[in-house]
Amino acid sequence: MTDFRDVRTDQRFEQGFADPEGQLRSVFADYAVQGQTRVILHVEADPALRGTGAAGRFMQALAEHARSEGLKLAPRCSYAVAWLKRHPEFDDLRA
């Protein structure tokens, strides 16, 4: 796994994870900026990572990053919406 990062120039959060064969693959979320809110437009995991839990670990890192940076999240992507609904411990981040 690589560290979570905010690639501000691309308005994208990303994180790398090893696939079942050990190759580094990425999970990312494209976002729009609205002040201190990040509108999560799209979350995508490399196909080799699907079913490994990498997207969920990425979303947890994203939520923890948002909390540490004082950001709010406004999910528009169905995966992000569902993940946040399943994790009420991050309700304080909802915009």
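Note that the coordinates shown come from a computational prediction; the quantities given were computed from them, not determined experimentally.

For the protein chain, the helix and strand inventory stands at two helices and five strands. The linear arrangement of helices and strands in the protein chain, starting from the amino end, is β-β-β-β-α-β-α. Taken against the 2.2 N^0.38 rule, which gives 12 Å for 95 residues, the C-alpha radius of gyration of the protein chain at 13 Å falls within 12% of a compact globule. Referenced to the eigenvectors of the C-alpha coordinate spread, the extents of the protein chain come out at roughly 40 × 30 × 20 Å. The buried share of the protein chain, reckoned over its 95 residues, is 41%. Restricting to contacts in the protein chain with at least 6 residues of sequence separation, those with at least 24 account for 38%.

Packed helices, taken two at a time, are described by their axes: the angle between them and the distance between them. Where helix 1 (residues 54-69) meets helix 2 (residues 78-86), the axes come as close as 11 Å, and the angle between the chain directions of the two elements is 75°. By the angle between their directions, the pair helix 1 and helix 2 is classed as roughly perpendicular. Of helix 2, the residues touching helix 1 (which contributes A55, G56, M59, Q60 and A63) are Y79, A80 and W83. For the contact of helix 1 with helix 2, a count of residues per class yields six nonpolar, two polar and no charged.

Here five strands make up an open sheet; going across it, the order is 1-2-3-4-5 and the pairing mixed. Only two strands of the sheet have a single neighbouring strand rather than two, namely strand 1 (5-7) and strand 5 (72-75). On average, each strand axis in the sheet is inclined to that of its neighbour by 35°, with strand direction left out of account. Across four bridges, strand 4 (residues 37-45) lies against strand 5 in parallel orientation. Each residue of the ladder has a partner; that of I40, found in strand 5, is P75.

About the cut-offs
- Residues numbered from 1 in each chain as written.
- Predicted model: local features only at pLDDT ≥ 70, side-chain atom pairs only at ≥ 80, totals over all residues.
- Heavy atoms only, no water.
- Helix = DSSP H or I, 4+ residues; strand = E, 2+ residues; numbered from the N terminus.
- Rg over C-alpha atoms; globule rule 2.2 N^0.38 Å.
- Buried < 20%, exposed > 50% of the residue type's maximum accessible area, 1.4 Å probe, protein only.
- Contact = heavy atoms within 4.5 Å.
- Axes fitted to C-alpha atoms, helices over the stretch in contact; angles between N-to-C directions.
- Parallel < 35°, antiparallel > 145°, perpendicular 65-115°, else oblique.
- Nonpolar A, V, L, I, M, F, W, Y, C, P; charged D, E, K, R; others polar.
- Pairing = 2+ DSSP bridges.

The quantities given are spatial measurements derived from coordinates; they are silent on function.
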